[in-house]
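A look at the structure
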Amino acid sequence: MRKIHSKKLFKFLLDKGVLDGSEEAIQEAKREYVRLYKKEWKLRNTRQKEIRISLTVKEFTELQILAEGVGLKPTTFVHDLAISAIENKPFIADRDTLLKVLQLIGMAYMNIYQNSPNSDAENYLLQSESLLVHYLNRHVKDAYQIVATP
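Residues numbered from 1 in each chain as written. Predicted model: local features only at pLDDT ≥ 70, side-chain atom pairs only at ≥ 80, totals over all residues. Heavy atoms only, no water.

The next thing to look at is the packing of aromatic side chains. By the definition in use, this model includes three aromatic pairs. When the ring of Phe-12 is compared with that of Tyr-33, the centres are 5.3 Å apart and the planes differ by 55 degrees; the resulting orientation is tilted. Of this pair, Phe-12 sits in helix 1 (residues 7–16) while Tyr-33 is found in helix 2 (residues 23–44), placing the two residues 21 residues apart along the sequence. What makes Tyr-33 buried here is its relative accessible area of 18%. Between Phe-77 and Phe-91 the ring centres are 5.5 Å apart and the planes differ by 85 degrees, which places this aromatic pair in the edge-to-face class. Within this pair, whereas Phe-77 is found in helix 4 (residues 74–86), its partner Phe-91 is found in the loop between helix 4 and helix 5 (95–113), the two being separated by 14 residues in sequence. A relative accessible area of 7% means that Phe-77 is categorised as buried. A relative accessible area of 27% places Phe-91 in the partly exposed class. (Phe/Tyr/Trp six-rings, centres within 6.5 Å; stacked < 30°, edge-to-face > 60°. Helix = DSSP H or I, 4+ residues; strand = E, 2+ residues; numbered from the N terminus. Buried < 20%, exposed > 50% of the residue type's maximum accessible area, 1.4 Å probe, protein only.)

Counted according to the given criterion, the structure contains five salt bridges. A salt bridge links Lys-11 to Asp-15; the nearest nitrogen and oxygen atoms lie 3.0 Å apart. Placement of the pair is Lys-11 and Asp-15 together in helix 1, with a separation of four residues, close to one helical turn. With a relative accessible area of 49%, Lys-11 lands in the partly exposed category. (Salt bridge = Lys/Arg side-chain N within 4 Å of Asp/Glu carboxyl O.)

Let us look at the layout of surface pockets. Here the largest pocket is characterised by a volume of approximately 530 Å³. Around the largest pocket, the lining is made up of 15 residues, and of these Ile-51, Arg-52, Thr-75, Val-78 and His-79 lie nearest the centre. Put simply, the parts of the chain that give the lining of the largest pocket at least two residues each are helix 3 (57–69) and helix 4. Among the elements that line the lining of the largest pocket, the one with the most residues is helix 4, at seven residues. Estimated volume of the second largest pocket: approximately 200 Å³. What lines the second largest pocket is Asp-80, Ile-83, Ser-84, Glu-87, Lys-89, Pro-90, Phe-91, Ile-92 and Arg-95. (1 Å grid on protein atoms, 1.4 Å probe; cavity = no way out; pocket = protein on both sides within 12 Å on 5 of 7 lines; lining within 4 Å. Points joined across faces, edges and corners; volume = space filled by probe spheres on them.)

Spelled out as structure tokens, the structure:
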């Protein structure tokens, strides 16, 4: 048996238990190792696909304004819109803020449900209201935007 220079290959052959076997068994295990290595390499080095679009200056400016309105860069904004369309889900700007509001409402509910004497339910509700008002003022741009911040 020849010396094996690759530590990974040696470990693979050792795990297979063929090092003490025949030369034919070692060669077959080596072929299996190469096949698995190539499969892994292909998965690891698969390029992502790219889309390049051209916009007029006016279109890009409008896109930039929309992206800034939701707190994203234009590329991220377009990416998120495309993914939401692919997944057939609505695009939700600033999803983390809405999740935080939901969490605060849940914590308020738990405090009320437990009838805790030192309940923070009111604080949780006030925080969630404040976050929601801030979210609406930032993301809802129409004539009805007269929500007062508490």
